[in-house]
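# Fold and geometry: a report
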Amino acid sequence: MTTPSYPETDAAAVADIYLRARRAAERLAETNLRERLHAVEKLIGYIREHKEEIVTELCAATRKTRTDGMVSEIMGVLDNFENLIKTAPKILKDRKVATPLALLGKKSRIYHEPLGVVLVIAPWNYPLHIGMTSIMAGFVTGNAVIFKPSEITPMTGLFERILAASPLIAQSAFICYGTGETAQRLIAQRPAKIFFTGSARTGKRILAQAAELLIPVDLELGGKDPAIVFADANLDRAAAGIAWGGLTNAGQSCSSVERIYVQEKVYDAFLVKLTAHVESLVLNHGDSGNADVGGMTADFQRQLVADHVADARAKGATVHTGGEVLAADPHIFQPTVLSGITPDMALAQNETFGPLLPVEKFGSEEEAIALANNTPFGLSASVWGGDAAQLERVVRRLHCGAVSVNNAMVTEGNPNLTFGGTKDSGYGRQKGEEGLLGYTRSKAVMYDSNSSKIEANWYPYTQKKYDLFIRLIDVLFTPAGLPVKLARLIGIGTKLESEAKKPRGS
């Protein structure tokens, strides 16, 4: 197979992009949030009106089914934008915070300010959704954004056409095409922050380069997400939900179901239901909206999936359905249900990122938790069952950033919830309040009066002041009712203020 040729951006062009982006950041500083959210509304209108042509281009680049493209990408982007318009004013507003008794009379505030120029490096599996939601989070918070799409799915010109719906956004977001070489050039120009979604291997490289330049980085990396099915789960629902969670976008999601643990009592019944459900799916891409599972975007990823299946077979796994590419379309790897998984198999620990559903059994709740947590990744998980107390216990003990209960990947459907992981799945969060604030820096401000008052803790230090501070500490940090504490503090504070007015030696 020949190595594909990708567009690249040279060093001079990268430097020019940063020059223009920094000027754009200065212009954005003169806008207010209302203006920026109005610009987002224009993009909503454009995407809604052009959704069919956008999906056609998206599916041609990714080999998604049309429904995957329309729901997970178009609907997901529009839902995120609408949520920004509703929630950003509250999340980004100046905040009044409490001031301690020792600083009585002063006012404390926190302001959230833009970082400047941020760099977004996006993956190929959800190129539109991750790209557009990251760009808009950066823009709404007042940053100029440099965006590098994956070289595998550049979709050259698509982002530019969408962003052009708002002149303000078009002047504030810059698309830069290229491979990892271009990414290195972009990082070398020292953006205020980097937001990367992709593999753990590439994330570590980005982090190493950024560390030398003290650039903060948010990393959303891979996953090996478990699904736990307890004996009291509705097996029909669990089988249908887990099949979708493992196979949507042909399994090419960081939070795809990659490991399935089923309680022994219902293991055989679940395996039969899951296999039957998978065998009923329609495999196709380039469809009109009536296919379930499409093709895999990257040839190297399809080969990795094939390698995982071959390795599992060689080590004793049973393939119940699928296990190879579709004869009619070599871009489609058939959805595959496997059992007899052992720890030495590549698919047991390594991220597959493809349409494989390996099923294992467990006995107790403790064993299920131990199996689920036995991975270097920690992105998300799902838990299925009818015992509410048990589900809550398990949710709290899973080492991951998100858990769907009696559903799969559903946390990603709520823009108010954060998205991100732990361990080798990275750190930092997208979406929700925490995700939006990640595109800002907080500024702590305290207001005092323009008076002639000299603070008690300013110079000069005297023995009398020291003794009063000892009394102040005892009152502040000894349990007592507030009225009593206030009365004592006022008395000591009055003496400290009086002492502060005196010159040394008086």
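The structure this text deals with has already been given above.
This report concerns the structure included in the present document. Computed from a prediction, not measured in an experiment: that's the story for all the values here. (Residues numbered from 1 in each chain as written. Predicted model: local features only at pLDDT ≥ 70, side-chain atom pairs only at ≥ 80, totals over all residues. Heavy atoms only, no water.)

## Quick notes on the nonpolar core
Formed by 49 residues in total, the largest nonpolar core has its most connected members in Phe81, Leu128, Met132, Met136, Val140, Ile162 and Leu163. Mapped onto this core, the elements with two or more residues apiece are helix H2 (33-49), helix H3 (51-62), helix H4 (66-92), strand E3 (117-121), helix H5 (127-140), strand E4 (144-148), helix H6 (158-163) and strand E5 (173-175). Among the elements that take part in this core, H4 stands out by supplying 9 residues, more than any other. Excluding residues that lie within four positions of it along the chain, Phe81 makes contacts with Val40, Leu43, Ile44, Ile47, Met132, Thr133 and Met136. (Core = buried A, V, L, I, M, F, W, Y, C linked by side-chain atoms within 4.5 Å. Buried < 20%, exposed > 50% of the residue type's maximum accessible area, 1.4 Å probe, protein only. Helix = DSSP H or I, 4+ residues; strand = E, 2+ residues; numbered from the N terminus. Contact = heavy atoms within 4.5 Å.)

## Here's the deal with the pattern of salt bridges
Note that side chains of opposite charge can pair when their charged atoms are close. The full count for this structure, using the stated rule, is 21 salt bridges. Residue Arg393 pairs with Glu365 through a salt bridge whose shortest N-O separation is 2.7 Å. Residue Arg393 is found in helix H15 (residues 388-397), and its partner Glu365 is found in helix H14 (residues 365-373); the two are separated by 28 residues along the sequence. We classify Glu365 as buried; its relative accessible area is 15%. Between Lys453 and Glu497 there is a salt bridge whose closest N-O contact spans 3.4 Å. Pair noted here: Lys453 is in the loop between strand E20 (440-447) and helix H17 (463-476) and Glu497 is in helix H18 (residues 482-500), with a separation of 44 residues, a long-range link. Under the relative-accessibility criterion, Glu497 is labelled partly exposed at 35%. One salt-bridge network, in which partners are shared between bridges, spans Arg63, Asp299 and Arg302. (Salt bridge = Lys/Arg side-chain N within 4 Å of Asp/Glu carboxyl O.)

## Regarding the sheet that holds strand E10 (residues 318-321)
Taken together, 7 strands build an open sheet; the order of strands is E10-E13-E14-E9-E8-E16-E17 and the sheet is mixed. Each edge of the open sheet carries a strand with a single partner, namely E10 and strand E17 (402-405). Across the sheet, the mean angle separating the axes of adjacent strands is 25° when strand polarity is ignored. By the bridge criterion, 3 bridges tie strand E8 (residues 225-229) to strand E16 (residues 380-384) in an arrangement that is parallel. Bridge pairing in E16 links Val229 to Trp384. Strands E8, strand E9 (257-263) and strand E14 (356-362) of the sheet are contacted by H14, whose axis makes an angle of about 145° with E14. (Pairing = 2+ DSSP bridges. Axes fitted to C-alpha atoms, helices over the stretch in contact; angles between N-to-C directions.)

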